[in-house]
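So you can see what is in the structure, the chains are spelled out below.
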Amino acid sequence: MASLGGIRGQRKDIEVFAKAIGTEKKYIEAARKHGLNNPATYKIKSQLERATGAFEKTTGIKWPFK
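Keep in mind the model is a prediction, meaning the values are calculated, not measured.

### Some details on the packing of aromatic side chains
Applying the stated criterion across every chain yields a total of three aromatic pairs. Relative to phenylalanine 55, the ring of phenylalanine 17 has its centre 6.2 Å away and its plane inclined at 55°; by these criteria the two rings are tilted. Here the residue phenylalanine 17 occupies a position in helix H1 (residues 11-34), and phenylalanine 55 occupies one in helix H2 (residues 39-59), the gap between them amounting to 38 residues. Using a relative accessible area of 3% as the deciding quantity, one classes phenylalanine 55 as buried. Joined through ring pairs, the aromatic side chains of Phe17, Phe55 and Trp63 make up one cluster.

### Quick look at the confidence of the model for the chain
Reading predicted coordinates in detail is not appropriate for stretches of low pLDDT. Counting all residues, the mean pLDDT for the chain is 93, and 97% of those residues have values of 70 or more. When pLDDT is averaged over each helix and strand of the chain, the minimum, 70, is found for strand E1 (residues 2-4) and the maximum, 97, for H2.

### Quick notes on the side chain of threonine 23
Relative to the helices and strands, threonine 23 resides in helix H1. When residues no more than four places from it in sequence are discounted, the contact partners of threonine 23 are Ile44, Gln47, Leu48 and Ala51.

Criteria and thresholds
Residues numbered from 1 in each chain as written. Predicted model: local features only at pLDDT ≥ 70, side-chain atom pairs only at ≥ 80, totals over all residues. Heavy atoms only, no water. Phe/Tyr/Trp six-rings, centres within 6.5 Å; stacked < 30°, edge-to-face > 60°. Helix = DSSP H or I, 4+ residues; strand = E, 2+ residues; numbered from the N terminus. Buried < 20%, exposed > 50% of the residue type's maximum accessible area, 1.4 Å probe, protein only. pLDDT = per-residue confidence, 0-100. Contact = heavy atoms within 4.5 Å.

Written out as structure tokens, the structure is:
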């Protein structure tokens, strides 16, 4: 079991969570800066979909979770 800033769990679970949350932050920032119909925003959205897919596959938890 590993921990990262108060988040505890298996190392791989923490890694995919950090990747998904970081990519979500980048997507929100890109959408705010460029708008939703910008190619840069679409690129990051694609990265976000891959990151959240990896999170769901690794942890078995649906993204976003409550």
